[in-house]
Amino acid sequence: MDVVSFFIYSFVSIFVIVSPIGVVVTFISLTSSMTQEEKNSIATRATLLACTICIFFAVTGHSILNVFGISVDSLRVAGGILLFKVAFDMLLSKVSGESVTEEEIHESLSRDDVWIFPIALPLMTGPATITTVVVLSGTSPLISYKLVVLLAILLTFGICFVTLYYSRRLYKLIGYTGAHVITRLLGLFLAALAVDFVTHGVWNIYSNLAGIT
């Protein structure tokens, strides 16, 4: 896969799993009683934190796997299964259980640090997102491909910031139904990505065990 194709693949993968439109629905419910300035501050801090977490794991993830003796392909299979669970929840227009529960969202309404939990972590950067960036950054040893993953992360969270910054206008434009339709479409793409992760991971593991080149 050439660099341009890998960038498109990386961007689509990260964008779909972060699902900015899906985050908007929860973001609006958590900031409904805030002023515009407070909402924008929450959006800025949450996006910066989530992006920083993603970049950290994209840079250090492969080293962390080596410490624990875990191969990228093993993580690819495990991540694919996790992504499929998230995709299934998205197809049902549910807040994914791997990210945050409805009870946790309700409890966070009375807290001042909602930009940390649940918005930045785990809504925007949950286990599935972290797994995805680690797998993508560990796909190729070439530095150019790792830089492409970082660029895809920055672009994704740039879009995410814009959607949160203009969340109220965006929600008025697409409405509740439109948001859930988009979430379900992204869930379909995520399910396909999950299958791709699992099949590639299983094949690579089998090839290594069987000595196939």
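Quick notes on the rules
Residues numbered from 1 in each chain as written. Predicted model: local features only at pLDDT ≥ 70, side-chain atom pairs only at ≥ 80, totals over all residues. Heavy atoms only, no water. pLDDT = per-residue confidence, 0-100. Helix = DSSP H or I, 4+ residues; strand = E, 2+ residues; numbered from the N terminus. Disulfide = S-S within 2.5 Å. Buried < 20%, exposed > 50% of the residue type's maximum accessible area, 1.4 Å probe, protein only. UniProt positions renumbered as here; feature names shortened; annotations may be inferred. Contact = heavy atoms within 4.5 Å. Polar contact = N/O pair within 3.5 Å; in protein donor to acceptor, adjacent residues only side chain to side chain. Salt bridge = Lys/Arg side-chain N within 4 Å of Asp/Glu carboxyl O.

Participant: A description of the confidence of the model for the protein should follow, citing residues and the corresponding values.
Facilitator: Scored by pLDDT, the protein has a mean of 87; 90% of the residues are at 70 or more. When the elements of the protein are averaged for pLDDT, helix H5 (residues 102-108) gives the smallest value, 56, and helix H8 (residues 143-165) the largest, 95.

Participant: Provide a residue-level description of the state of the cysteines, including the pertinent values.
Facilitator: This model, assessed by the stated rule, comprises zero disulfides. Left without a disulfide partner, Cys160 is nearest to the cysteine sulfur of Cys51, which lies 9.8 Å away. When its relative accessible area of 0% is taken as the criterion, Cys160 is described as buried.

Participant: Which residues make up the UniProt feature "transmembrane region" (unreviewed entry) in the protein, and what values go with them?
Facilitator: In the UniProt entry, the feature "transmembrane region" (unreviewed entry) is given for residues 6-30, 42-65, 114-137 and 143-166. A helix fraction of 96% and a strand fraction of 0% characterise residues 6-30, whose end C-alpha atoms lie 35 Å from each other. Segment residues 42-65 splits into 100% helix and 0% strand. End C-alpha atoms: 32 Å apart.

Participant: Talk me through the side chain of Ser19; I want residue IDs and the actual numbers.
Facilitator: With respect to the element layout, Ser19 can be found in the loop between helix H1 (3-18) and helix H2 (20-31). The residues contacting Ser19, other than those within four sequence positions of it, are Met90 and Leu186.

Participant: Give a description of the side chain of Asp73 that names residues and reports values.
Facilitator: Within the secondary structure, Asp73 is located in helix H4 (residues 72-91). Only 2.5 Å separates the side chain of Asp73 from the side chain of Arg76, close enough to count as a polar contact.

Participant: For the pattern of salt bridges, give the residues involved together with the corresponding values.
Facilitator: The tally for this structure, following the rule as stated, stands at two salt bridges. Where Asp73 meets Arg76, a salt bridge forms, and the shortest distance between an N and an O atom there is 2.5 Å. In this pair, Asp73 and Arg76 are both assigned in helix H4, three residues apart and thus about one turn of the helix distant. In terms of burial, Asp73 and Arg76 fall into one category: buried.

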